[in-house]
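# Topology and contacts: notes
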Amino acid sequence: MRKKMIPWLFLAPSLSGVMVFMGIPFLDVVRRSFLNAMGTTFLGWDNYRAVWNNEAFRLAAGNTLHFLAVCIPALMAVSLGLALILSGMAKGGGGYGVIRTTMVLPMAVPAASMVLVWKIFLCPEGVFNQFLSGITGQRWEIDWAFSGYAFPMLLMTYLWKHTGYDMILWLAGLGTIPGELYEAARMDGAGSLAQLRYITLPQLHGTFCLTGILSVVNSFRVYREAYLLAGSYPDSSIYMIPHLFAHWFLNLDIQKMTAAAVMVTAAFLLPTAVLWIWRKGKA
Amino acid sequence: MKKRHVFHTILLYGACFLIWVPLLIMGAGALMPEDELYWRYLSPLGLGRDRVRAALIPSYPSGDSLGELLIRSPGFFVMFWNACIQVIPMAAGQFLAAAPAAWAFARFRFPGKRLLFGIYVILMILPFQVTQVSNYLVLDGMGILNSHWSLILPGIWSTLPVFIMTKSFETIPDALVEAAYLDGAGEFYTFFHVGLPLGYPGIATALMLGFLDGWNALEQPVTYLKDKNLWPIALYLPDIAKDKASVAFAAALITCLLPVLIYLNCQEELEQGVAASGVKQ
């Protein structure tokens, strides 16, 4: 009996806090999502219908999915490429440490510190436009952060900040692949592409899941860059779920917020549950 | 083979170059006198429209804007200390709450473990704005809105540190833990004398990431703190007044100084900690 209690004793401090600050209030949010603004009348699915038919919600949800679908593969591919190249370099070799330190450095730099620099590049009189004017001979005066190109700009700041962290994750995964596998493959005459395809990538499966999860966690922090660069009302191409919630919060639109919070949570829960069941089936 | 090596080296240093250039531009801006800043960066500072003349090194290096910021801007100091008051107890609390929980997830079997861990992962992924409604209701109920506590308390229960520490504790060889039990060590003794020392890189990593995230936080203070006297340093730049624009670069530099120093000091732990979290599934 005592033995059974021990894990729960270890869990108690964390679990009680999570329950008080997230669990119980979330149940309250679910309850409120079915009520009117005063919390007096049961409305059924009305709030959910209102959110679902809300154009801003559709725009924000679509953009968020678009951002996740583009940025996470891009981030994972770029960081994996750099990790593969870096792991090919001799560990003690010149520059290895400098490169690693440099790549992770942006993670420590607050978004607020970088905004001015991004503006130097992106503003109408900025470096990007000067460069483009220089090579095309025409006058470029796009305000990149507010234009239809805001999306690639956001992708750029996201990659700049998070590539290094993902690269270290990949490097750690690469470090666990036994060298004998490659030796055996080389004996069999496998080229470097075949080694990548049949050894490296399959062996990185575990790291792939972890890097994916942590990249999703980081992807929502891009709101900070978006907010600092383009304010609360950015170009419609980068108007995302966080912007929408921020507006509803300002308007104290509790009904919409609660229903949307439940919907977004469900949107995360569903793929996770599917993945979980799928992996359980495999094990 | 040789050619490819050269190409790879160029690629890696190219990536480093892309990281260094923006940082150098920021650092150079911090060391420029006021008139040079206005000449180069009128548009980015939002003071007018003129061609940007970006520079990696100031033409007339000067400590004026740093001095102005550090000596004649008491508001900046207040915000610096606010950030420390909010972030350091938060990280300490994360350690106290997350380390034992992570130990439970990593070393024990108990009913509901996988489900509970799944819930922790979901909570870790959900963006702040989605949990903000729930959080706001609790903080309001406790009457601690508009105080440092409204940032510290919810921050402590972030589940990201639990996740990272769990991954790190999982890499401790079972044999070591069992040896401790065989020697008659109790559960808590084992946690303190085997778990904490061996899981140290993961703990340091989790706390460092927690610190960085707290130091960068914009959404939480803007939402929970009405009183601008409580605002942390990350909000100094977004809220900077036009007549203080000349110290903006200096403020950017000082704002990132502490997190960067912490990163450079904890780099080894970070790499080991990340490595631990990346290895075992």
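In case you missed it, the structure is sitting above this.
Residues numbered from 1 in each chain as written. Chains lettered and ligands numbered in written order. Predicted model: local features only at pLDDT ≥ 70, side-chain atom pairs only at ≥ 80, totals over all residues. Heavy atoms only, no water.

With that out of the way, let us pick up the overall build of chain A. Helix and strand counts for chain A stand at 13 helices and 0 strands. The N-to-C order of helical and strand elements in chain A reads α-α-α-α-α-α-α-α-α-α-α-α-α. Expected size for 283 residues packed as a compact globule is a radius of gyration near 19 Å; at 24 Å, chain A overshoots this value by more than 25%. Taking all contacts inside chain A whose residues are at least 6 apart in sequence as the whole, residues at least 24 apart take part in 68%. (Helix = DSSP H or I, 4+ residues; strand = E, 2+ residues; numbered from the N terminus. Rg over C-alpha atoms; globule rule 2.2 N^0.38 Å. Contact = heavy atoms within 4.5 Å.)

All names here are of chain B. On the surface, Leu70, Ile71, Phe77, Trp81 and Ile85 cluster together into a nonpolar patch covering about 520 Å² of accessible area. Among the elements of the structure, α3 (64–72) and α4 (74–107) are those that each provide at least two residues to the nonpolar patch. It is α4 that contributes the most residues to the nonpolar patch, 3 residues altogether. Along the chain, Leu70 falls in helix α3. (Patch = residues over 30% accessible without salt bridge, like charges linked within 9 Å, V, L, I, M, F, W, Y side chains within 5 Å. Areas by Shrake-Rupley, 256 points an atom, 1.4 Å probe, with all protein chains shown as cover. Salt bridge = Lys/Arg side-chain N within 4 Å of Asp/Glu carboxyl O.)

Turning our attention to the packing of helix α5 (residues 111–122) of chain A against helix α7 (residues 150–175) of chain A. All names here are of chain A. Interhelical geometry of α5 versus α7 gives an angle of 135° and a closest axis separation of 12 Å. On the basis of the axis angle, α5 is oblique to α7. Crossing of α5 against α7: the hand is right-handed. Packed against α5, whose contacting residues are Ala111, Met114, Trp118 and Leu122, the element α7 presents Met153, Met156, Thr157, Trp160 and Lys161 at the interface. (Axes fitted to C-alpha atoms, helices over the stretch in contact; angles between N-to-C directions. Parallel < 35°, antiparallel > 145°, perpendicular 65-115°, else oblique. Left-handed = near helix turned anticlockwise from the far one by under 90°.)

In this section: the packing of helix α3 (residues 55–88) of chain A against helix α10 (residues 205–219) of chain A. Describing two packed helices takes the angle between their axes plus the distance from one axis to the other. Residues and elements named next belong to chain A. Packing of α3 against α10 brings their axes to within 10 Å, and their N-to-C directions diverge by 130°. What the angle tells us is that α3 and α10 run oblique. Every pair of crossing elements has a handedness; the one defined by α3 and α10 is right-handed. Residue-level contacts link Phe67, Leu68, Ile72, Leu75 and Met76 of α3 to Phe208, Thr211, Gly212, Ser215, Val216 and Ser219 of α10. When the residues that make up the contact of α3 with α10 are grouped by side-chain class, the tally is 7 nonpolar, 4 polar and no charged. (Nonpolar A, V, L, I, M, F, W, Y, C, P; charged D, E, K, R; others polar.)

Contact residues are listed per partner, giving 87 residues for chain A and 100 residues for chain B. Between chain A and chain B, a total of about 8500 Å² is buried, with carbon and sulfur atoms accounting for 77% of that surface. Looking at the side of chain A facing chain B, the largest losses of area belong to Phe10(A), Phe21(A) and Arg224(A), adding up to 10% of the total buried there. For the pair chain A and chain B, the number of links is 5 salt bridges. Here Asp213(B) and Arg221(A) are joined by a salt bridge, their closest N and O atoms 3.2 Å apart. At the boundary of chain A and chain B, one finds 16 residue pairs in polar contact (both at pLDDT 80 or more). (Buried area = accessible area lost by both parts, 1.4 Å probe. Polar contact = N/O pair within 3.5 Å; in protein donor to acceptor, adjacent residues only side chain to side chain.)

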